[in-house]
Amino acid sequence: MRGFRRMATRLGGITRLMRRFARARHGGVAMMFALALPVLAMTALVGVDVHRISTVRANLQDALDAAALAAARSSHMDDAGITTVGMAALRANLQAYPQISLREDLTTFRLTADGAVIAVSKVDVDTLVANIFLPPYGRVLDDQVQVGVESEVLRSSTNLEVALVLDITGSMAGSRIVTL
């Protein structure tokens, strides 16, 4: 019987404690903040990597555009020559961005039948924050993210058009029209 009374007393104490917790209203903000903090921290950390990826994409696009222009201006008429010129220009342009590792096996320059140079390139970007704070990220998604861009440049024509415009309006009267 004593064991039963002790158990009832303890259960009554636990019940009173639970009721007191249910009625308490102070500290609710701290609890919500504690629950939301990990989600907010993860979002901010992912934002750092997303910003890095978008910056690398913009830098790669600028470098590939310049390389495609250099390839289009060259005198080569085959894909091998266009690729040689384009790759040399792309490597030179990417030297300013040491955080970008060019995937040369996934970079192509080709000349289409209508005289356009189409360049496609991909690079690997190291993630910064995600690998430090989210260890499974590196094992599941890899330590690098692949970023790709494309550029297309029309080659200039060798044909030259010359136009001559003569102004024979009243404003040219007198010595101006004679001089013309």
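It should be emphasised that the depicted structure is a prediction, and the values quoted were computed from it without experimental measurement.

## Considerations on the overall build of the protein
A tally of regular secondary structure across the protein gives 6 helices and 4 strands. When the helices and strands of the protein are read in sequence order from the N terminus, they spell out α-α-α-β-β-β-α-α-β-α. Relative to all contacts within the protein whose residues are 6 or more apart in sequence, the contacts with residues 24 or more apart total 59%. Entry remark: accessible area of the protein is about 13100 Å², with carbon and sulfur atoms responsible for 62%.

## Quick look at the pattern of salt bridges
Going through the model one piece at a time under the given rule, you end up with 3 salt bridges. Residue Arg91 is joined to Glu104 by a salt bridge in which the shortest nitrogen-to-oxygen separation is 3.0 Å. Taken as a pair, Arg91 in helix α3 (residues 79-94) and Glu104 in the loop between β1 (101-102) and β2 (108-111) lie far apart in primary sequence, 13 residues in all. In this structure, a network of salt bridges that share partners links the residues Arg103, Asp105 and Asp124.

## Re the nonpolar core
Phe109, Val117 and Val123 are the most contacted members of the largest nonpolar core, which has 24 residues in total. Excluding residues that lie within four positions of it along the chain, Val117 makes contacts with Ala68, Ala71, Ala72, Ile82, Phe109, Arg110, Leu111, Ser151, Glu152, Val153 and Arg155.

## A look at the layout of surface pockets
Counted as a void, the largest pocket has a volume near 210 Å³. Contributing to the lining of the largest pocket are 12 residues, with Ala72, Ser74, Gly115, Arg155 and Ser156 lying nearest its centre. Put simply, the parts of the chain that give the lining of the largest pocket at least two residues each are α2 (28-73) and β4 (144-154). By residue number, the principal contributor to the lining of the largest pocket is α2, which donates 3 residues. Classifying every residue of the lining of the largest pocket by side-chain character gives 6 nonpolar, 4 polar and 2 charged.

## Some remarks on the side chain of Arg52
Tracing the chain through its elements places Arg52 in helix α2. With sequence-adjacent residues up to four places away left out, Arg52 is seen in contact with Gln99, Val125, Asp126 and Leu128.

## Notes on a positive patch on the surface
A contiguous patch of positive charge, built from Arg16, Arg19, Arg20 and Arg23, is present on the exposed surface. Mapped onto the secondary structure, Arg19 falls in helix α1 (residues 2-23).

## What about the side chain of Arg155?
Tracing the backbone through its elements, the reader meets Arg155 in the loop between β4 and α6 (175-179). This buried residue, Arg155, is left without a salt bridge; Asp78 holds the nearest opposite charge, at 7.8 Å. Among the polar contacts listed, one links the side chain of Arg155 to the backbone oxygen of Ala72, at a separation of 3.0 Å. Of note is the side chain of Arg155, whose polar atom sits 2.3 Å from the backbone oxygen of Ser74. Filtering out sequence-adjacent residues up to four positions away, Arg155 remains in contact with Ala71, Ala72, Ser74, Ser75, His76, Met77, Ile82, Leu111, Gly115 and Val117.

Procedures and definitions
- Residues numbered from 1 in each chain as written.
- Predicted model: local features only at pLDDT ≥ 70, side-chain atom pairs only at ≥ 80, totals over all residues.
- Heavy atoms only, no water.
- Helix = DSSP H or I, 4+ residues; strand = E, 2+ residues; numbered from the N terminus.
- Contact = heavy atoms within 4.5 Å.
- Areas by Shrake-Rupley, 256 points an atom, 1.4 Å probe, with all protein chains shown as cover.
- Salt bridge = Lys/Arg side-chain N within 4 Å of Asp/Glu carboxyl O.
- Core = buried A, V, L, I, M, F, W, Y, C linked by side-chain atoms within 4.5 Å.
- Buried < 20%, exposed > 50% of the residue type's maximum accessible area, 1.4 Å probe, protein only.
- 1 Å grid on protein atoms, 1.4 Å probe; cavity = no way out; pocket = protein on both sides within 12 Å on 5 of 7 lines; lining within 4 Å.
- Points joined across faces, edges and corners; volume = space filled by probe spheres on them.
- Nonpolar A, V, L, I, M, F, W, Y, C, P; charged D, E, K, R; others polar.
- Patch = residues over 30% accessible without salt bridge, like charges linked within 9 Å, V, L, I, M, F, W, Y side chains within 5 Å.
- Lys, Arg positive; Asp, Glu negative; His and termini not counted.
- Charge placed at Lys NZ, Arg CZ, Asp CG, Glu CD.
- Polar contact = N/O pair within 3.5 Å; in protein donor to acceptor, adjacent residues only side chain to side chain.

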